[in-house]
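Per-entry structural report
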Amino acid sequence: MQRRNFIKTGAAAGLSITAIATTSFIAQPAETRYPARPKADDFVLNEITIDLLQQKMHKGEYSSVAITRLYLQRIEEIDKNGPKLNSVIELNPDALAIAEAMDRERAAGKIRGPLHGIPVLIKDNISTGDKMHTTAGALAIADNVMAADAFIIQKLRTAGAVLLGKTNLSEWANFRSEHSTSAWSSRGGQTKCPYILDRNPSGSSAGSGSAASANLCAIAIGTETDGSIVSPSSINGLVGIKPTVGLWSRTGIIPISKTQDTAGPMARTVKDAAILLGALAGEDPQDSYTAASKGKLQADYAKFLDINGLQGKRIGVEKDGLKVSPAMDAIFQEAMELLKSKGATIVEVELYKLLKPNGHDEFKVLLYEFKDGLNKYLSTANSKVKSLADVIAFNKQNEAAAMPFFKQDTLELADTKGGLDTKEYLDAVKNTTETTRNAIDKLLTDNKLDAIIAPTNGFACCIDLVNGDYDNGFSFSTPAAMAGYPHITVPMGYFNELPVGLSFISSAYKEGDIIKQAYAYEQASKKRVPPRFKGPLVG
């Protein structure tokens, strides 16, 4: 999750397909941290879409094996060498074998769907029943190789995707310390933003955001509790979708919060994100929250793509997002003018004014649910560490390696909490989930709105392993996160080559509606620009 939100408000030739070992960012000499960028990034799959990959495989121009090999070579060049983004924590030793199987099926006339043969990177808190580890970036459970796929990974395999590898993240999805640095984990080190290399790519799905933006994969999967999909998507110039909680199963994902957690797509286009969203949606008997999606989910969210999707829409603009900074305000004003030019009516609303007292209650909810959920997950994991208390003990015993920059105050606080029948917990849930849903629904209904918009967040902060994260001015993730409602971010503009996204949120299971609006904006604005791996901004 994006910790600062609730604080503020209360096999290629010569390539070894093995775990990618990394060192911490600050330990690297300056000349390797900021290498000169090649004159041209001529990677043949740069900015390629799922549709175009399918066309090339259909015509025989590429096979899934060839595409997978190209991405593996790209990871070697960009992630391990070159700019050293450090976004991929582990490669899948079976990636080429999966691609070969998909090629054989294609040759036999079997095409499973739009994801057939498409390489995907997934966040390292999502279980895979293969040779890869599932660790949430933590050395404490670096030995964890799960016996079974998470439910969404089962669906990903069924769809024919190639599991390329796993991405680095903020350790424990940024739920370890109030003084942490996003995109850093004790297992994976520090991930960098591909636009400006000393900038933080944001967390906790930092690796998925950095990798997808840098064209290390076709598409990626992140997870969010509060901001962890939409924030790194915005910072890395991507489209990110946080679905309604229950649209995608959480079974097999290392948890923080049963009321707020969800995985979701991170992609370079709205269409690619929509394709992935539908492929992994579905009811899971092991996740009771997915029962509410019956009759509401769509197998194909790409059907909502409409270049005229803003015509006649009434869109609320969050008043707190109108005055963030001069650079941000200019970008946001331009976006609103474009929305109006495409037929939308803009209405100012004050959602944050209704929610500001609830930030501390959100943190309470997460503390209780993290302890409960993590203990359940670890009890069945293939790790020597079997509980949150064990994690805390491991970190203390291995402090130099596990906690070189910040400690584990959040883990320790969570471990003091009682069960989910505690009055403090039950009151906090009511004050967050229920209150936030009512506030959003009331604003939508009273103002006859189709969505509420704002800048997704501020511009990327500098990586700071000494002081930790700092406030970058604004975040719009918390309302949809606390409500469990859908949220999509789309590239909105740049300041000194640092991206920022435009967010659309709405009520439960309204993914189709906000995808339609976001796609119309994307097609009219065309703001996605690939990163150039530049060194620090110098005045």
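Under an unreviewed UniProt entry, the protein has the name Amidase and belongs to Mucilaginibacter gotjawali.

1. Regarding the nonpolar core
Residues Leu156, Ile221, Trp248, Ile488, Phe504 and Ile515 are the most contacted members of the largest nonpolar core, which totals 102 residues. Setting aside residues no more than four positions away along its own chain, phenylalanine 504 makes contact with Ile315, Leu339, Ala451, Ile452, Ile453, Pro486, His487, Ile488, Ile514, Gln517, Ala518 and Tyr521. Core analysis: the next-biggest nonpolar cluster, separate from the first, contains 25 residues, Ile254, Ile256, Phe370 and Leu374 among them.

2. Quick notes on the packing of aromatic side chains
Tallied over the entire structure, the rule returns 12 aromatic pairs. Centre to centre, the rings of tryptophan 184 and phenylalanine 405 are 5.5 Å apart; their planes meet at 85°, and the pair counts as edge-to-face. With a gap of 221 residues between them, tryptophan 184 in strand S4 (residues 184-185) and phenylalanine 405 in the loop between helix H15 (399-402) and helix H16 (409-415) connect regions that are remote in the sequence. Owing to a relative accessible area of 3%, tryptophan 184 belongs among the buried residues under this scheme. Considering the side-chain rings of tryptophan 184 and phenylalanine 406, the 5.2 Å spacing of their centres and the 75° angle between planes classify their relative orientation as edge-to-face. In this pair, tryptophan 184 is assigned in strand S4 and phenylalanine 406 in the loop between H15 and H16, connecting sequence segments 222 residues apart. Among the aromatic residues, ring-to-ring pairing joins Trp172, Phe175, Phe363 and Phe370 into one connected group.

3. Focus: the pairing of strand S7 (residues 239-242)
Residues of S7 alternate between two faces, with Val239 and Ile241 on one and Gly240 and Lys242 on the opposite face, all of them buried. Of the pairings in the sheet, the one linking S7 to strand S8 (residues 262-267) comprises two bridges and is antiparallel in character. Note that in S8 the partner of valine 239 across the bridge is alanine 267. With three bridges connecting them, S7 and strand S12 (residues 487-495) associate as antiparallel partners. Note on S12: the bridge partner recorded for isoleucine 241 is isoleucine 488.

Definitions and cut-offs
Residues numbered from 1 in each chain as written. Predicted model: local features only at pLDDT ≥ 70, side-chain atom pairs only at ≥ 80, totals over all residues. Heavy atoms only, no water. Core = buried A, V, L, I, M, F, W, Y, C linked by side-chain atoms within 4.5 Å. Buried < 20%, exposed > 50% of the residue type's maximum accessible area, 1.4 Å probe, protein only. Contact = heavy atoms within 4.5 Å. Phe/Tyr/Trp six-rings, centres within 6.5 Å; stacked < 30°, edge-to-face > 60°. Helix = DSSP H or I, 4+ residues; strand = E, 2+ residues; numbered from the N terminus. Pairing = 2+ DSSP bridges.

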